[in-house]
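Residue-level listing of the chains:
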Amino acid sequence: MGPGDEATRHDGEGDEDARRLGALAVGMGFLREDQLEGCLAEQAVRSRAGELVPLGQVLLRRHLIDGRQLAELLLRQRELSPPPRLGSYELLRKLGEGGMAEVHLAADESLHRLVAIKFLGAEGKESEARRARFLREARVLAKLRHPHVVSVFDSGESNGRPYIVLELVEGPALDQAFESRTFEPGDLATLLAKVARAVDHAHRAGFVHRDLKPGNILLTSEGEPKVSDFGLAALLDSGVRLTRSDLAIGTPLYMAPEQWRGASEEPSPLVDVYALGAILYEGLTGDPPFTAPTASALYRRLLSEEVRRPSEVRPGVPTALEAIALQALAKDPASRYGSALA
């Protein structure tokens, strides 16, 4: 687990605290998103003028909340703030934050190692679904033992807030690596072969990832890949049919056509095969197989158009890797590779 996993960089600690408090106020129903943006803009202007005004004071001045609500908000924020210690773990600093969770660097004093501790983010209207997804990730990772899957060491709860203690992966995520460098085809193939074996291991253990993407593949300082974020993983052979909302989930650029359609069906490892093909395609060409300004436009392109051959996008792509990418990206699942290992 590293800073690239679901992480959003912030320019200042004060700005970060204000946004977190504001997001909590929205989640608790005290104000709307547009009202929050206006308050944050006012706070930023006053900050640039040398006035350090807390967001709560701005909300009170604009009569968006009252004193009782502010007290309730600050109390809830305190409950959600990670303590400086969790048993033998000492929290050192925040590595990143996203819509789902925040990740902290921590020292495991009992085993003398650094770890990453992932906390469920501030709860909002979908708190139960978010909590279930968060706990699912811990349970899935606990069942997987593979050198290219992020390891889980521990889990627990602090003030009603779940957390997972994970292996610290100090390098960037693959999406950041794609932005900063061009991989040689052979190096890319070697790296993604390791990812494919890790995904196959998850499949054999009974799990479909369902959200494979470059941002969920972390790289160690030696460049070794680690598959992370199993929060959307589905259990194979569970006897449970997935609903439309369950299936039409993932990251659009890497979702298989059957995920988009969302027709009720059991989860299939072949959606992960498609995602592996999409990641390979992006590594070979510099772009995902299909792009569009909106999700609906992307869906139309995916269903109606054939993907361009990688060699047409970037001349010189090896024929063998092109063939692998195109077969993995077949619209018909039966025409793809039968497994991630294949």
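Structure shown above.
Anyway, here's the lowdown on the structure attached to this text. (Residues numbered from 1 in each chain as written. Predicted model: local features only at pLDDT ≥ 70, side-chain atom pairs only at ≥ 80, totals over all residues. Heavy atoms only, no water.)

### Let's talk about the pairing of strand 3 (residues 101-108)
1) Next: Burial analysis of strand 3 places eight of its eight residues in the buried class, the great majority of the element.
2) Next: In strand 3, alternate side chains face the same way, and those of A101, V103, L105 and A107 on one face and E102, H104, A106 and D108 on the other are all buried.
3) Next: For strand 2 (residues 89-97) and strand 3, the ladder comprises seven bridges, and the chain directions are antiparallel. Bridging across to strand 3, R93 finds its partner in L105.
4) Next: As paired strands, strand 3 and strand 4 (residues 113-120) are joined by eight bridges and run antiparallel to one another. Bridging from a neighbouring strand, A107 pairs with L114 of strand 4.
5) Next: Counting the residues between successive antiparallel strands, the hairpin from strand 3 to strand 4 contains four residues, one of them, H112, with a positive phi of roughly 55°. (Buried < 20%, exposed > 50% of the residue type's maximum accessible area, 1.4 Å probe, protein only. Helix = DSSP H or I, 4+ residues; strand = E, 2+ residues; numbered from the N terminus. Pairing = 2+ DSSP bridges.)

### Examining helix 13 (residues 319-328)
1) Next: When we look at burial in helix 13, the residues that qualify are L321, E322, A325, L326 and A328. Summarising the axial view, the buried residues of helix 13 lie within an arc of 165°, below the 170-degree limit, and thus occupy one face. Set apart from the buried face of helix 13 by more than 90 degrees, the exposed residues are T319 and A320. (Arc of directions from axis to C-beta.)

### Details of the environment of D200
1) Next: For D200, the position within the fold is in helix 7 (residues 185-204).
2) Next: Remark: the alpha-carbon pair of D200 and D272, spanning 72 residues in sequence, is separated by 9.2 Å.
3) Next: When sequence neighbours within four positions are dropped, the list of residues in contact with D200 reads S339, A340 and L341.
4) Next: Within the local environment of D200, its side chain forms a polar contact with the side chain of R204, the two groups lying 2.6 Å apart. (Contact = heavy atoms within 4.5 Å. Polar contact = N/O pair within 3.5 Å; in protein donor to acceptor, adjacent residues only side chain to side chain.)

### What about the environment of Q43?
1) Next: For Q43, the location among the structural elements is in helix 2 (residues 33-48).
2) Next: Look at Q43 and you get buried, because its relative accessible area is 14%.
3) Next: C-alpha of Q43 to C-alpha of V53: the two residues are ten residues apart in sequence and 6.4 Å apart in space.

### Quick word on helix 11 (residues 295-304)
1) Next: Along helix 11, the positions that sit buried rather than exposed are A297, L298 and L302. One face of helix 11 carries all of its buried residues, which in axial projection span an arc of 140°. Across from the buried face of helix 11, at angles greater than 90 degrees, the exposed residues are R300 and S304.
2) Next: Taken together, the buried residues of helix 11 touch helix 9 (257-261) and helix 10 (270-285).

### Digging into the nonpolar core
1) Next: L174, L192, V195, F230 and I279 are the most contacted members of the largest nonpolar core, which totals 59 residues.
2) Next: Examining the composition of this core, we find that nine residues originate from one element, helix 10, more than from any other.
3) Next: If sequence neighbours within four positions are ignored, I279 has contacts with L174, F178, L192, L212, K213, P214, I217 and Y254. (Core = buried A, V, L, I, M, F, W, Y, C linked by side-chain atoms within 4.5 Å.)

### A word on the pairing of strand 5 (residues 152-158)
1) Next: One ladder, built from six bridges, connects strand 5 with strand 6 (residues 161-167); its direction is antiparallel. Paired with S155 across the two strands is I164, which belongs to strand 6.

### Quick look at the side chain of R161
1) Next: Summarising the element assignment, R161 is placed in strand 6.
2) Next: R161 gets classed as buried once you look at its relative accessible area, which sits at 3%.
3) Next: Within the structure, the side chain of R161 is placed 2.6 Å from the backbone oxygen of L120, a separation counted as a polar contact.

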